[in-house]
Amino acid sequence: MRPSILNRILHFAVAFAIVFAITLFYRRVLPSVNATTVALTFLLSILAVSTIWGMAVSVAMSVVATFAFDFFFLPPMGKITIADPQNWIALIAFLVVAVLASRLSTSARQQAADASARERDIERLYRFSQGLLESGNVMELLNRIHAQIVDTFEVGAAALFLADKQKVYRSGPVTPQLDTESLKAIMVRAEPVFDVPNGICFLPVRMGVRVIGTLGTSGSILPRQTVEAIGTLIAIAMEHARAVEQLGQTEAARQGEQLRTALLDAVTHALRTPLTSIKASVTNLLSNPGLVESQKHELLTIINEETDRLNRLVGEAGEMARLDAGEVELRLEPHPIEDVISASLAHCHTSLGNRVVNVHVAGNLPMVRVDVARAREALVQLIENANQYSPPDRPITITAELNGNFVVTSVADRGSGIDDPEQALIFEKFYRGKDQRYSVQGTGMGLPIAKAIVEAHGGAMSLTSQHDRGSVFSFTLPIERARATHP
Amino acid sequence: MTSAKVLIVDDEPQIRRVLRTTLASHGYTVVEARSGDEALEEIRHERPDLILLDVNMPGRSGLETCSEIRTASDVPIIMLTVRNSERDKVQALDAGADDYVVKPFGVEELMARIRAALRRVAPAESIPPFLSADLKIDFEKRTVLVKGQPVRLTPKEFELLRQLVANQGKAMAHRRLLQAVWGPDYGEETEYLRVFINQLRKKIEPDPRNPRYITTEPWIGYRFERPHSGKSANKSD
């Protein structure tokens, strides 16, 4: 930073004042001092001034000090004797010290300033790179690069033109300095342009050797290395974001593909089975005149049952799809969990028959945020499940208790239990218990639907089971207070 | 009306119900099994004349069950499968099934397949035994000896071999072989022949990859011939 004129004048004034003070001191206080001591004192003061205020001040001071030395301390006193060689030696000594010391200190100061500027630039580049690598995808990255540049490098405006998108990303409105045409032109020239007087700088952004776009900044000029580093960082960040995005897409596509295949297999089997029964029954009825009345009745009964099964399957698959797609609107209201349990038990009244059902609800349970009709569907599914898969003389136990911000509702049966490999599959669509497939009618959609309903509430469904001891299906529902504290 | 005993093996109760009624209405005696393990048990006790075997069953699959049955019995097996792909059909035949029916099927088709599978072609004309250095086939006693060792053939394999030997030296067209062995409703199922010829070659050829008895007639069919000594035979397909 250049010192102002006033500051300069002050520096000269102070330098002359020092010469005056030294002269005054030795003339008045120590009049008996010898000339060498005075000369050394001048020399030291010139050294000090040259180090602090530079060459101009110290050279002027040297001249003044030479005259003062000659006039006041060299015989003949009170007279300027230009011809005296002592004079010349003193002047030369003062000037050499002034010039050398000022130059040394100036270069030291310059180096220190350069070093701190470099440090600042590196720090900015580091912050810039951090800012860029935080972006998870290319779109987000592109929309923050210019803002990052303006924030981090304190330039007035920044614009990034990308060839593959044919689009300019700007920190602000279009400015005449950073117009789209210039950005495109730089991209074609593939060389940086520094317009120092106008404070504009253009830089091609390279990915390897390929130019992929142009970066333009205006407002202040950044060092060339910094600008080039910014370009490289942008290229790396874009490559990185693109790779991350692609990885995510590939992974999602692969999982989606697997799921579709598994689902298609399951749907094929689930639909083909009733279709097979129906087709065989119908073709038999059509082609076999020898059927007796009871056989005809049996075949028609099968057709009737299997069309019901197909209908149920289609309905449940539709509901599952709606739940999966998040298209089911929940009417969440605070209710005691007892509402859900009693509604479910009422619904299962007929199918439970004489089975003993124990209900244990912990005292002082907070209300849950729940769509009672939907939650009832889920709990009914668990109760029906326990009812179907455990011997009728064994009780079913329903419990509800608080666990953190959730109420946990469990349905325990004393059936044969579910072994480990099956536990993982049991919530899968169309899966049916391997021993139960022989005897129990079902579509394999009940538990997945129950699970989806619970998850739509923000809860989770889980299963613990022990062989020959029975199974416990549990699900959580968020309590009303939890919603209030975490809006 | 026959009174052959059919074992139905399927895990789906409704399918067993339909098949039970259908087969009973066509005069068959019906036994049921819900799984591969049950089927193996039933075969020992009931000695069925034919097995309808579902491919997709939990636990021991239909294919495994089929291979297991084949280790001890030549009983005709018809597989019930839901997937109508070439690979699945070949897998079923490879496992030792005589035939397969794709679900959902019409009853007429199933009955035709059952009749064909049960059909044991009566030896109308008796064929003299085939004797060579390493292969001896006695059609009267239904025995095959390869290098002196008895080899077990399924009825369909034996019937196929019989047709080929009876027309020794002549190229037998696919359709003719299929109709002769499986019945008049067949003709397009060349994959059956491919699988069964492969199995026959594995059983009777000294080098199944380089067959000398049963050779392939490209685009036409197959031919059985007495190997020419010293001359290498046609490549298998």
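Residues numbered from 1 in each chain as written. Chains lettered and ligands numbered in written order. Predicted model: local features only at pLDDT ≥ 70, side-chain atom pairs only at ≥ 80, totals over all residues. Heavy atoms only, no water.

A. Fine view of the overall build of chain B. Within chain B one finds eight helices and 12 strands. Among the 237 residues that make up chain B, the fraction classed as buried is 55%. In the form shown here, chain B has an accessible surface area of approximately 10,700 Å², with 49% of it arising from carbon and sulfur atoms. (Helix = DSSP H or I, 4+ residues; strand = E, 2+ residues; numbered from the N terminus. Buried < 20%, exposed > 50% of the residue type's maximum accessible area, 1.4 Å probe, protein only. Areas by Shrake-Rupley, 256 points an atom, 1.4 Å probe, with all protein chains shown as cover.)

B. Region of interest: the interface of chain B and chain A. Listed as interface residues are 26 residues of chain B and, on the opposing side, 28 residues of chain A. Buried surface at the junction of chain B and chain A, summed over both partners, amounts to about 2,400 Å²; 56% is from carbon and sulfur atoms. Linking chain B with chain A are three salt bridges. Counting across the chain B and chain A interface gives nine residue pairs in polar contact (both at pLDDT 80 or more). For the side of chain B that touches chain A, the secondary structure elements donating two or more residues are α1 (13–25) and α5 (107–118) of chain B. Among the elements that make up the side of chain B that touches chain A, the one with the highest residue count is α1 of chain B (11 residues). Partitioning the side of chain B that touches chain A into residue classes produces nine nonpolar, eight polar and nine charged. (Contact = heavy atoms within 4.5 Å. Buried area = accessible area lost by both parts, 1.4 Å probe. Salt bridge = Lys/Arg side-chain N within 4 Å of Asp/Glu carboxyl O. Polar contact = N/O pair within 3.5 Å; in protein donor to acceptor, adjacent residues only side chain to side chain. Nonpolar A, V, L, I, M, F, W, Y, C, P; charged D, E, K, R; others polar.)

C. Region of the structure containing unusual backbone geometry. Residues and elements named next belong to chain B. Between Lys 103 and the following residue, Pro 104, the backbone shows a cis peptide bond with an omega angle of -10 degrees. By the element assignment, Pro 104 lies in the loop between β5 (99–102) and α5. The phi dihedral of Arg 47 is positive, around 45 degrees, even though this residue is not glycine. Mapped onto the elements of the fold, Arg 47 is located in the loop between α2 (36–46) and β3 (50–54). The residue Trp 219 is not glycine, and still its phi comes out positive at about 70 degrees. Looking at the element boundaries, Trp 219 is found in the loop between β11 (214–217) and β12 (221–224).

D. Representation of the nonpolar core in the model. Residue and element names in this part refer to chain B. Ranked by internal contacts, the top residues of the largest apolar core, which has 53 residues, are Leu 161, Ile 214 and Phe 224. In terms of residues, this core owes the most to one element, helix α8 (residues 190–204), which gives seven residues. Sequence-distant contacts of Phe 224, that is, excluding residues within four places in its chain, are made with Phe 130, Leu 135, Leu 161, Leu 164, Val 165, Gln 168, Gly 169, Lys 170, Ile 204, Tyr 213 and Ile 214. (Core = buried A, V, L, I, M, F, W, Y, C linked by side-chain atoms within 4.5 Å.)

E. Expanded view of the environment of Gln 86 of chain A. All names here are of chain A. Structurally, Gln 86 can be placed in helix α4 (residues 85–133). Among the residues examined, Gln 86 registers a relative accessible area of 45% and is labelled partly exposed. Expressed as a C-alpha distance, the spacing of Gln 86 and Asp 70, which sit 16 residues apart in the sequence, is 8.6 Å.

F. Structural view of the sheet that holds strand β2 (residues 167–170) of chain A. Residues and elements named next belong to chain A. The strand order across the open sheet built from five strands is β2-β1-β5-β4-β3, with neighbouring strands paired in antiparallel fashion. Every other strand in the sheet has two partners, leaving β2 and β3 (193–195) as the edge strands with one partner each. Sheet twist, expressed as the mean angle between neighbouring strand axes with direction ignored, is 20 degrees. In this sheet, strand β4 (residues 200–207) lies alongside β3 in antiparallel orientation, the contact comprising three bridges. Considered in β4, the bridge of Phe 194 is made with Cys 201. Those strands touched by helix α5 (residues 138–153) are β1 (157–162), β2 and β5 (210–218), and its axis lies near 150 degrees from that of β1. (Pairing = 2+ DSSP bridges. Axes fitted to C-alpha atoms, helices over the stretch in contact; angles between N-to-C directions.)

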